[in-house]
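What follows is each chain in one-letter form.
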Amino acid sequence: MSTDAPAAASASSTIQRDSTGRLRHLITLEGLSREELTALLDLAQFYVRAPGDFPARDKSLAGHTVANLFFEPSTRTRVSFELAAQRLGADVVNLDMTSSSRAKGESVLDTIYTLQAMHADILVMRDAEPGLPAYVARHVAPHVCILNAGEAHLSHPTQGLLDALTIRQHKPDFTQLRVLIAGDIAHSRVARSAWQALTTLGVAELRIAAPDDLMPAAGEFAGAVRYDDLDRAIEDVDVVMTLRIQRERMGAARIQDERGYHQAFGITAARMRRARPDAIVMHPGPMNRDVEIAGEVADSPQSVIQQQVTNGVAVRMAVLATIVRNVHARRQLQ
Ligand code: CP
């Protein structure tokens, strides 16, 4: 199975809705309205608890079974989907893909049909193949929902939501904000989902900064202002979002000079002084310390990186609860 990226993105925004227009799957943030994004952020905020408090729990997913299928590595996304589902009362299974039958050559659809036959009705997927979540969504039974937990370089919708929530907690009016996304933008699904969310939420100015060979193709990131000089790009911004160098999506020759990359495109304490004094700094994780971000910046009071992780559980609870609420609304109409 193979798909081209723009076609995959636009097919995903259509396929993820049911016949009433409600979200049945979450594959991309493309096509979600400002009202839909805000409702998801509001529900996520409802599930946020302060560090040290007991986590939020309810029974929104009672009777449902969530299967986590991660065909690429993950710590934050996989664990937070697992915790989110458990805290909403679902049964949860995590497939170890290195020991699943896919490693013996089983097709992804046969793996999905096997889980479906065991009453798994919410499938959380991460894969390096563009278009796979939409492809699977077209083939599952009508009661089964697909949640995209990271699709190649294209889409990471729950990361886009948790990034928007984290920004909103510090800077509630998106229309007043200058946001910088810096680093390996070409290979970043995080950057694409952040751009989709922040554009729809009305951010005043979105800047992207990358070396030439890590800049996305012309035509992508519509509306964003492009910079090849990080010192200029960071001037007076309210939010600095830096990105992991995606070595797994690069040829062997790229970014061998980590020190040089850090000097030109690393978020350092000196560079942060060019941003607004109350600017926040974000990173989706996992971090390459002292490559795309200086360790001292990651650990500084301006860093909201751990808050992004905390918000990840709340956002995934909000997405799961919303998808299941839509399942129940559909059943009422049948
Ligand atoms: N941000 C993110 O997707 O992290 P993981 O790869 O650990 O899930």
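Anything mentioned here points back to the structure above.
Conventions we followed
Residues numbered from 1 in each chain as written. Predicted model: local features only at pLDDT ≥ 70, side-chain atom pairs only at ≥ 80, totals over all residues. Heavy atoms only, no water. Near = heavy atom within 4 Å. Polar contact = N/O pair within 3.5 Å; in protein donor to acceptor, adjacent residues only side chain to side chain. 1 Å grid on protein atoms, 1.4 Å probe; cavity = no way out; pocket = protein on both sides within 12 Å on 5 of 7 lines; lining within 4 Å. Sits in = over half its atoms within 2 Å of the grid points. Nonpolar A, V, L, I, M, F, W, Y, C, P; charged D, E, K, R; others polar. Domains from an automatic or database assignment. Salt bridge = Lys/Arg side-chain N within 4 Å of Asp/Glu carboxyl O. Helix = DSSP H or I, 4+ residues; strand = E, 2+ residues; numbered from the N terminus. Buried < 20%, exposed > 50% of the residue type's maximum accessible area, 1.4 Å probe, protein only. Contact = heavy atoms within 4.5 Å. Axes fitted to C-alpha atoms, helices over the stretch in contact; angles between N-to-C directions. Parallel < 35°, antiparallel > 145°, perpendicular 65-115°, else oblique. Left-handed = near helix turned anticlockwise from the far one by under 90°. Pairing = 2+ DSSP bridges. Expected span 1.5 Å × (residues − 1).

**A few points about the site of the ligand**
Lining the immediate surroundings of the ligand are Ser74, Thr75, Arg76, Thr77, Arg126, His156, Gln159, Pro284 and Gly285. Between Arg126 and the ligand, the recorded distance is 3.0 Å, taken from a side-chain N or O atom to an oxygen atom. Pro284 places a polar main-chain atom, nitrogen or oxygen, 2.9 Å from a nitrogen atom of the ligand. Its atoms largely coinciding with the cavity grid, the ligand occupies the second largest pocket. Partitioning the shell around the ligand into residue classes produces one nonpolar, six polar and two charged. Formed jointly, the shell around the ligand draws a minimum of three residues from each of two domains, domain 1 (5-156 + 310-333) and domain 2 (158-304).

**Quick notes on the pattern of salt bridges**
Counted under the stated rule, the structure contains 14 salt bridges. Taking the shortest distance from any N to any O, the salt bridge between Arg330 and Asp18 comes out at 2.7 Å. Taken together, the residues span a long stretch of sequence, with Arg330 in helix α12 (residues 305-333) and Asp18 in the loop between α1 (5-15) and α2 (34-47) at a distance of 312 residues. The same class applies to Arg330 and to Asp18, which are both buried. In this structure, the salt-bridge partner of Arg207 is Glu205, at a minimum N-O distance of 2.7 Å. The exposure class assigned to Arg207 is buried, which follows from its relative accessible area of 7%. Within the structure, one salt-bridge network assembled from shared partners comprises Lys171, Asp238, Arg276 and Asp278.

**Points about the side chain of Asp18**
The class for Asp18 is buried, based on a relative accessible area of 11%. Look past the residues within four positions of Asp18 in its chain and what remains in contact with it is Arg24 and Arg330.

**Brief notes about the packing of α2 against α12**
Put simply, α2 and α12 touch, their axes get as near as 8 Å, and they point 120° apart. Between α2 and α12, the angle falls in the class oblique. Note on packing geometry: the crossing formed by α2 with α12 is right-handed. Two secondary-structure elements touch here, α2 through Leu40, Leu43, Ala44 and Tyr47 and α12 through Ala314, Val315, Met317, Ala318, Val319, Ala321 and Thr322. Residues that form the contact of α2 with α12 fall into these classes: ten nonpolar, one polar and no charged.

**Let's talk about the environment of Arg276**
Checked against the element boundaries, Arg276 lands in the loop between α10 (269-272) and β9 (280-282). Each C-alpha atom, one on Arg276 and one on Gln159, is 24 Å from the other, the two residues being 117 residues apart in sequence. Excluding anything up to four places from it in sequence, Arg276 contacts Asp236, Val237, Asp238 and Gln302.

**Some points on the sheet that holds strand β4 (residues 145-151)**
In space, the four strands of this open sheet follow the order β2-β1-β3-β4, with parallel pairing throughout. Taken across any chain shown, the strands that pair with only one partner, and hence form the sheet edges, are β2 (91-95) and β4. Between one strand axis and the next, the sheet turns through 15° on average, direction left out of account. The pairing of strand β1 (residues 65-70) with β2 spans five bridges and is classified as parallel. When the sheet's bridge partners are listed, Leu69 is paired in β2 with Leu95. Against the sheet, α12 touches β1, β3 (122-127) and β4, its axis set at about 155° to β4.

**Section: the environment of Ser101**
In this fold, Ser101 is placed in the loop between β2 and α4 (108-117). Along the backbone, Ser101 and Asn148 are 47 residues apart, and their C-alpha atoms lie at a distance of 21 Å.

**Digging into helix α6 (residues 157-170)**
With 14 residues, α6 should reach 20 Å at 1.5 Å per residue; the first-to-last C-alpha distance of 21 Å fits that figure. Counting buried positions along α6 yields twelve of 14 residues, so the element is predominantly enclosed. All of the buried residues in α6 are Pro157, Thr158, Gln159, Gly160, Leu161, Leu162, Asp163, Ala164, Leu165, Thr166, Ile167 and Arg168.

**Some points on the sheet that holds strand β5 (residues 178-182)**
Strands belonging to one sheet form pairs held by backbone hydrogen bonds; the direction of such a pair is parallel or antiparallel. Pairing in this open sheet of five strands is parallel, and the strands run β7-β6-β5-β8-β9 from one edge to the other. Edge positions in the sheet fall to β7 (225-227) and β9, since each has one partner strand and no second. For this sheet, the mean inter-axis angle between neighbouring strands, taken without regard to orientation, is 20°. Direction of pairing for β5 relative to strand β6 (residues 205-209): parallel, over a ladder of five bridges. Along β6, the bridge assignment pairs Leu180 with Arg207. Across the face of the sheet, helix α7 (residues 189-200) comes into contact with β5, β6 and β8 (239-242) while running at roughly 170° to β5.

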